[in-house]
Amino acid sequence: MTKPTKWISEKARFGHGTAEVVPPSSSASSSDIEKGSEGALEDAVFGNLESGPNFRGVSAPGAFVLMTKANLGLGVLAIPTVFNLLGIVPGILVIVGCEMLLFWCARFVGPFKIRHPDVYGVADAAYVFAGPWGRWTMYVIFTVFMIFCTASAIVGVSTALNAMSSHGACTAVFTAVAAIAGFLLSSIRTLSKVSWIGWAGITSIIASVIILTIGVGVQDRPSEAPQAPLPWDKGFQVIGHPTFVEAMSAINIILFSSSATPMYFGVVSEMRDPRKYTRAMGASLTFLTAVYLIIGSVVYHYCGQYVASPALGSAGIVLKKVCYGIAFPGLLASLTIFNHISAKNIFVRVLHGSKHLSSNSVTHWAVWLGCTAGSVLLAYIIASAIPIFGSLIGFIGALMCPAVAIIPECLMWFYDNWWFTTKGLTAGKIVTGVINIVVILIGCFFTVGGTYAAVLDLIATSVDSGPWTCVNNSGRLH
């Protein structure tokens, strides 16, 4: 087993305040470790690391692919809709602005983890700056967020199965098949072993959207447009005139597409060298921004108001099947990563402090499989109740994303650099603090305004499609 880096002293334990950090020298390699009192390798979260799976095996490239795949897959399929709602110029500006906002918040995760090595998730971070009440409040919010993300991935997989089979079975059946596949794949115990699924997923998603982009560029008109010989108006807008609800719906989509920030805690907790987190995270969000801008704007340019959601249905029936077939591993990868992190969050909480957390015992396996099964079961229920892709991700983006990906990260910075610092406030800290206050207010606005828009959309959606429906959720069949 690859020996993980240990960043903490022996008296650092979860739930007892700020852990004492033992910073490695700048020349230390990622394999430098400290041994516990009994000579075993220990981690502040996972405990003894020699008796079970290697929970500290994620490399920097592996972290990049896990963070990228946690966003890329479902989000990129809805991005062209943003341009349809806002217009091409405001769409570009809003996407760049939201990505910068999310990068600003995500950059606080790595340093906070290094200062508080016993933190595994955003709920543990909330315990540090808000005590037990903050921990359990954030734990509930994050758990619900992850289950909703898993539900959206199940909907994505069921949509792909519908598209590839020309609605060969009831959508409720495909939803159940997706949930079973998610349980089996996400039961792999460590993120280092899940990362290879992420590499395959990114490759398949990028290949499918490239084929989609070429397809919409060479076809006469998108599949959703009136077909020849009927005339059609692309409705391309340089600057759109959305209503407040439409504008917030577009922002909801963008937030969902890049707000995997709370999942980064799990990634950095399993990295061999947490100091490389910020570089991997920055590369990930830069890559995502470029993909969203290029793919989204090109698809919108050719499809205009007739862009489909998910976007893979915009290039006609044949190419839709081809694109979904190629993207299918990527959709499964998203489902795997979401349910794995969702289950791991519960798993660590249940077995924390127990020898079974990092062992190969029967208890370890029973709890782990129970967590993955329970998480995917709840997600399956939500996916069956809200089987429409766009409505589900809009609701998640509004209600959950600011609460887990924007606001707590700023509060983490305040805890370490303002409220309880032993050093004086510098000009740089004051500027950063002011920016963080503005960011928190923006996050609150996104939550209130976005949830209002998402609820209206869900009400409208429920008129056309009910829970546990057999109706095809992949769009037109001909």
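Residues numbered from 1 in each chain as written. Predicted model: local features only at pLDDT ≥ 70, side-chain atom pairs only at ≥ 80, totals over all residues. Heavy atoms only, no water.

1. As for a nonpolar patch on the surface
Rules: Each patch is assembled from residues with relative accessible area greater than 30% and no salt bridge, linking like charges that lie within 9 Å and nonpolar side chains (Val, Leu, Ile, Met, Phe, Trp, Tyr) that lie within 5 Å. Values of accessible area rely on a 1.4 Å probe in the Shrake-Rupley scheme; residue burial ignores everything except the protein chains shown. In the sections that follow, a salt bridge refers to a side-chain nitrogen of Lys or Arg positioned within 4 Å of a carboxyl oxygen of Asp or Glu. Helix and strand assignments follow DSSP, with helices taken as H or I runs no shorter than four residues and strands as E runs no shorter than two, numbered in order from the N terminus. Think of it in three bands: with a 1.4 Å probe and only protein chains considered, a residue is buried below 20% of the maximum accessible area for its type, exposed above 50%, and partly exposed in between.
Taken together, the side chains of Phe244, Phe445, Tyr452, Val455, Leu456 and Ile459 define a hydrophobic patch exposed on the protein surface, amounting to about 560 Å² of accessible area. Of note, Phe244 is situated in helix H8 (residues 244-258). Here Phe244 falls in the partly exposed class, since its relative accessible area comes to 43%.

2. Let's talk about the nonpolar core
What counts is decided by this rule: Each nonpolar core is a collection of buried residues, namely Ala, Val, Leu, Ile, Met, Phe, Trp, Tyr and Cys, held together in the definition by side-chain atoms within 4.5 Å. By the convention used here, residues are in contact when the closest approach between their heavy atoms is within 4.5 Å.
Val76, Phe145, Ile154, Met263, Tyr264 and Tyr277 are the most contacted members of the largest nonpolar core, which has 123 residues in total. Broken down by element, this core gets its largest block of residues, 22 residues, from helix H5 (residues 122-164). For Phe145, the residues in contact, after removing those within four places along its chain, are Ser259, Pro262, Met263, Ile396, Met400, Cys401 and Val404. In this structure, Val45, Ala343, Phe347 and Val348 belong to the second largest nonpolar core, which totals twelve residues.

3. Quick word on the packing of H5 against helix H6 (residues 171-186)
Basically, it comes down to this: To define axes, lines are fitted to C-alpha atoms, for helices over the stretch in contact only, and angles between the resulting N-to-C directions are given on a 0 to 180 degree scale. Should an angle fall under 35 degrees it is taken as roughly parallel, and over 145 as roughly antiparallel, whereas 65 to 115 is taken as roughly perpendicular and any remaining angle as oblique. Here a crossing is taken to be left-handed if its near helix is turned anticlockwise relative to the far helix by less than a right angle, and right-handed if that turn runs clockwise. Gly falls in the polar group here, along with every residue not listed as nonpolar (Ala, Val, Leu, Ile, Met, Phe, Trp, Tyr, Cys, Pro) or charged (Asp, Glu, Lys, Arg).
Direction vectors running N to C along H5 and H6 enclose 125°, while the axes themselves pass 8 Å from each other. Accordingly, the angle class assigned to the pair H5 and H6 is oblique. In terms of crossing hand, the pair formed by H5 and H6 is right-handed. In this structure, H5 contributes Ile154, Val157, Ser158, Leu161 and Asn162 to the contact, and H6 contributes Thr171, Phe174, Thr175, Val177, Ala178 and Ala179. When its residues are assigned to classes, the contact of H5 with H6 shows seven nonpolar, four polar and no charged.

4. Description of the pattern of salt bridges
Scanning the entire structure with this criterion turns up four salt bridges. The residue Asp416 makes a salt bridge to Arg115 at a minimum N-O spacing of 3.5 Å. You can see Asp416 sitting in helix H15 (residues 407-419) and its partner Arg115 sitting in helix H4 (residues 109-115), a full 301 residues away along the chain. One salt bridge connects Arg349 with Asp124, and the closest N-O pair in it is separated by 2.5 Å.

5. Points about the environment of Asn417
Inspection of the secondary structure assignment puts Asn417 in helix H15. Given a relative accessible area of 13%, Asn417 falls into the buried group. Once the C-alpha coordinates of Asn417 and Ile430 are considered, the two residues, 13 residues apart in sequence, prove to be 9.8 Å apart.

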